[in-house]
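Here are the chains, one letter per residue:
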Amino acid sequence: MKTALENYHARMQRVLDHIDQHLDDDLGLEALSGVAAFSKYHFHRQFTSTFGLSVHRYVQLARLKRASYRLAESDAQSVTDIAMDAGYDAPDAFARAFRQRFGQSPSSFRKSPDWGSLLMAFGPLEKARTTLMQIIFEPDDVMIRDVPPTPVAIMEHRGDRATLQDTILRFIAWRKAAGLSPETSSTFNIFRSEREPAVPADYSMDICAGTDQPMEDAQMKAGVIPGGRCAVLRYPGNTNNLEPAALYLYREWLPASGEEARDFPIYCQRHFSSNGPVREVVLELFLPLK
């Protein structure tokens, strides 16, 4: 029974990964049921019962999320082009859907984004994306690498994880204003606490952009991710929850390797690309070693 359930979850996770990586393609029921190898006549009910929202709504929210980030991060792409990329035939249809979800028009959001409304709108999407996380790691997935010291600009998040997305969005807004593109300025997260500490207010994480420029914004501070030997684990698929990968490194890989951890928190680097439909393409988790 357990093996059958794991197989079922893996097939559903495959659908989410396919959607995330093919937002510009046909994402109708027939195409997605084929990805999962389920009957198209039952797939929509299976998807809804598993994730708590319909296939159509998941795809719509995923495309609107990409559109909102493109609106906030850059003025280079027109609202019309963003609308077409989101699957809308006309800008006015996109504007209506955007306003219905976020309470702002796309042009108004670009000028002054209401992050609170956006966070609430994406709640069902994020819940669906983190429902199934059954990734199994092997020792060969880990490599030891010497990394150079990296100067960074740091935005600290201190407090309940429920407010983390707001910090992330403020970081994105700062990065846009500073002219530091994710494609040219490395992105790091430094995890200074457990993902779910006993006291939620104790959650602590740093969001960083690789740069050595002076910090002129009070919400940012300059720092350095120290160089040295690190165990590096490349993380596949959905990267919203890195706890399974971190637990594998601490519980299994580290004791079996004979290595010792260095006095610096575990951290990750997010590699972005502007070529595909989804900007975030690769994540690497670093465990500093002596």
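Residues numbered from 1 in each chain as written. Predicted model: local features only at pLDDT ≥ 70, side-chain atom pairs only at ≥ 80, totals over all residues. Heavy atoms only, no water.

Q: It is not clear to me how the packing of helix H4 (residues 55–73) against helix H6 (residues 91–102) should be interpreted in this structure. Could you clarify?
A: When two helices pack together, their arrangement is given by the angle between the helix axes and the distance between those axes. Between H4 and H6, the least distance of the axes is 11 Å, while the angle of their chain directions is 95°. It follows that H4 is roughly perpendicular to H6 by the angle criterion. Along its contact with H4, which presents Arg57, Gln60, Leu61, Leu64, Ala67, Ser68 and Leu71, the element H6 presents Phe94, Ala97, Phe98, Arg101 and Phe102. Tallied by class, the residues present in the contact of H4 with H6 amount to eight nonpolar, two polar and two charged. (Axes fitted to C-alpha atoms, helices over the stretch in contact; angles between N-to-C directions. Helix = DSSP H or I, 4+ residues; strand = E, 2+ residues; numbered from the N terminus. Parallel < 35°, antiparallel > 145°, perpendicular 65-115°, else oblique. Contact = heavy atoms within 4.5 Å. Nonpolar A, V, L, I, M, F, W, Y, C, P; charged D, E, K, R; others polar.)

Q: I would appreciate a short explanation of the nonpolar core in the present structure.
A: Grouped together as the largest cluster of nonpolar side chains are 40 residues, with contacts concentrated most on Val15, Ile19, Leu32, Phe43, Phe47, Tyr58 and Phe94. Top contributing element to this core by residue count: H4, with 10 residues. With near-sequence residues (within four places) excluded, isoleucine 19 lies in contact with Leu27, Leu32, Tyr58 and Val59. Core analysis: the second largest hydrophobic core is formed by 30 residues, Phe191, Met205, Leu233 and Ala246 among them. (Core = buried A, V, L, I, M, F, W, Y, C linked by side-chain atoms within 4.5 Å. Buried < 20%, exposed > 50% of the residue type's maximum accessible area, 1.4 Å probe, protein only.)

Q: Would you mind showing me how to read the packing of aromatic side chains here?
A: For any pair of aromatic rings, the description rests on two quantities: the centre-to-centre distance and the angle between the ring planes. For the structure shown, the criterion picks out 14 aromatic pairs. The interplanar angle of 70° and the centroid separation of 5.4 Å between the aromatic rings of phenylalanine 98 and phenylalanine 109 together place this pair among those described as edge-to-face. Here the residue phenylalanine 98 occupies a position in helix H6, and phenylalanine 109 occupies one in helix H7 (residues 106–111), the gap between them amounting to 11 residues. Phenylalanine 98 gets classed as buried once you look at its relative accessible area, which sits at 0%. Among the aromatic residues, those joined into a cluster by ring pairs are Tyr88, Phe94, Phe98, Phe102 and Phe109. The cationic tip of arginine 161 hangs over the ring face of tyrosine 203; the distance from NZ or CZ to the ring centre is 5.6 Å. (Phe/Tyr/Trp six-rings, centres within 6.5 Å; stacked < 30°, edge-to-face > 60°. Lys NZ or Arg CZ within 6 Å of the ring centre and 35° of its normal.)

Q: I tried to follow the pairing of strand E3 (residues 187–191) on my own but got confused; where do I start?
A: A regular strand carries its side chains on alternate faces of the sheet. By the criterion of burial, E3 is predominantly enclosed, with five of the five residues buried. The alternating pattern of E3 places Thr187, Asn189 and Phe191 on one face and Phe188 and Ile190 on the opposite face, and all of these are buried. Summarising the sheet, E3 and strand E4 (residues 204–210) pair through five bridges and their orientation is antiparallel. Bridging from a neighbouring strand, phenylalanine 191 pairs with methionine 205 of E4. (Pairing = 2+ DSSP bridges.)

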